[in-house]
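Chain and residue survey
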Amino acid sequence: MNLANDAGSKKKELRQKILSLRRSLPRETIRAESEAIAGRLYNWPEYVQARTVMLFLSMPDEVQTRPLIEHAWQQDKTVCVPYPGEVYGYMQAAVIHNFAELSAGKFGILVPDERTLSFVAPEEIDLVIVPGVAFDALGRRCGMGAGYYDRFLQKTSHAVTAGVALSCQMVSEVVCAEHDQTVDCIVTKDQLIKCGEGKM
Ligand SMILES: Nc1nc2c(c(=O)[nH]1)N(C=O)[C@@H](CNc1ccc(C(=O)N[C@@H](CCC(=O)O)C(=O)O)cc1)CN2
Ligand SMILES: Nc1ncnc2c1ncn2[C@@H]1O[C@H](COP(=O)(O)OP(=O)(O)OP(=O)(O)O)[C@@H](O)[C@H]1O
């Protein structure tokens, strides 16, 4: 078995384990942890200075991003979110202005209305808040398994990348393949972890 496939099967196992933990969390735990994570981000210079921020539209068992998105709009930041393309595993960053322009898309995740789509070039993004299933302290990430962020983050040439994680999503080791993109830091309810030689 080659390295990539081995990492793939380890990731799959980890994904299933953490997804089932995450899905069994009480909504109140997710809300409280998300609020603490947001509080940390609001005071973080990389966030304060960022003009264009990529966020994601959270699923019910992920770090909740709605208050973050509202905060970023209030600070006059340009907010963009994933817009999955026709080809599985590829996405673009689409600007959003309000929640009314969103509707349920693939996987039940909200997406911007295709009639009002406008994209931001990946190179223009200052900060990417990255979802994930599991992270380790070195910034290695296990996602939903389609490679959307691995592919996208190769193109965000100057952005700082910050994973956001509920406590149950921090693990001792995420075994990675060659193509996996690490994040520069991870924000949990308890701390902002700087991960190795990133852009910060
Ligand atoms: N909120 C949010 N948006 C995001 C991501 C994310 O992790 N969170 N993504 C991050 O890459 C991309 C979407 N990635 C996804 C890839 C696969 C599945 C998926 O296969 N879902 C299955 C159940 C998976 C399982 O149980 O293992 C399904 O809904 O049927 C969902 C999202 C872009 N947008
Ligand atoms: N940059 C890339 N180039 C080519 N193939 C890739 C790239 N990134 C990921 N893939 C492929 O996509 C599939 C899913 O990758 P992986 O398990 O790392 O996804 P993930 O990081 O968990 O998912 P996501 O980013 O969607 O949350 C794998 O088969 C992998 O080989």
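Parameters and conventions
Residues numbered from 1 in each chain as written. Chains lettered and ligands numbered in written order. Predicted model: local features only at pLDDT ≥ 70, side-chain atom pairs only at ≥ 80, totals over all residues. Heavy atoms only, no water. UniProt positions renumbered as here; feature names shortened; annotations may be inferred. Helix = DSSP H or I, 4+ residues; strand = E, 2+ residues; numbered from the N terminus. Buried < 20%, exposed > 50% of the residue type's maximum accessible area, 1.4 Å probe, protein only. Contact = heavy atoms within 4.5 Å. Polar contact = N/O pair within 3.5 Å; in protein donor to acceptor, adjacent residues only side chain to side chain. Near = heavy atom within 4 Å. Areas by Shrake-Rupley, 256 points an atom, 1.4 Å probe, with all protein chains shown as cover. Disulfide = S-S within 2.5 Å.

If you check an unreviewed UniProt entry, the protein appears there as 5-formyltetrahydrofolate cyclo-ligase from Propionispora hippei DSM 15287. Under the UniProt heading Cofactor (unreviewed entry), the entry covering the protein gives this text: "Mg(2+)". Its UniProt record gives the protein the following Catalytic activity (unreviewed entry) comment, quoted word for word: "(6S)-5-formyl-5,6,7,8-tetrahydrofolate + ATP = (6R)-5,10-methenyltetrahydrofolate + ADP + phosphate".

With that settled, consider the environment of Cys80. Following the sequence through the fold, Cys80 ends up in strand E2 (residues 78-84). A relative accessible area of 0% places Cys80 in the buried class. Taking the C-alpha atoms as reference points, Cys80 and Pro112, 32 residues apart in sequence, are found 9.6 Å from one another. Once residues lying within four places of it in the same chain are set aside, the contact partners of Cys80 are Thr52, Val53, Met54, Leu55, Ala93, Ala94, Val95, Val120 and Ile125.

Here Glu62 is to be found in the loop between strand E1 (52-54) and helix H4 (66-74). There is a polar contact of 2.8 Å between the side chain of Glu62 and the backbone nitrogen of Met59. Excluding residues that lie within four positions of it along the chain, Glu62 makes contacts with Arg22, Ile30, Ser34, Phe56, Leu57, Pro131 and Leu166.

To continue, consider the site of ligand 2. Taken together, 16 residues sit near ligand 2, with Lys11, Arg141, Gly143, Met144 and Asp150 positioned nearest. Note that an oxygen atom of ligand 2 is positioned 2.8 Å from one of the side-chain N or O atoms of Lys11. A distance of 2.8 Å separates an oxygen atom of ligand 2 from a polar atom in the backbone of Gly143. Protein burial of ligand 2: of its 640 Å² of free accessible surface, 72% is covered by the chains. Secondary-structure elements contributing two or more residues to the shell around ligand 2 are helix H1 (3-23), strand E9 (141-142) and helix H5 (148-152). Counting residues per element, the shell around ligand 2 draws most heavily on H5, which supplies 4 residues.

This part takes up the UniProt feature "binding site: substrate" (unreviewed entry) in the protein. Per the UniProt record, "binding site: substrate" (unreviewed entry) is annotated on Leu57 and Glu62. Relative to the helices and strands, Leu57 is located in the loop between E1 and H4. The contact partners of Leu57, leaving out residues within four places of it in the chain, are Glu62, Thr65, Ile69, Val81, Ile96, Phe99, Leu102, Ile109, Leu110 and Val111. Residue Glu62 is classed as buried on the basis of its relative accessible area of 7%.

For the α-helix, the turn length of 3.6 residues means that residues three or four positions removed from each other point alike. Restricting attention to buried positions, one finds in H4 the residues Leu68, Ile69, His71, Ala72 and Trp73. Buried residues in H4 make contact with helix H2 (27-42), helix H3 (45-49), E2 and strand E3 (91-96).

Take the environment of Ile69 next. For Ile69, the location among the structural elements is in helix H4. Residue class for Ile69 comes out buried when judged on its relative accessible area of 0%. The residues touching Ile69, leaving out its near neighbours within four places in the chain, are Leu55, Phe56, Leu57, Val79, Ile96 and Phe99.

Under the definition given, this model contains 0 disulfides. With no disulfide of its own, Cys80 lies 17 Å from the sulfur of Cys185, the closest cysteine sulfur. Note on Cys176: no disulfide assigned, nearest cysteine sulfur contributed by Cys142 at a separation of 8.4 Å. Taking relative accessible area as the criterion, Cys176 reaches 23% and is therefore assigned partly exposed.

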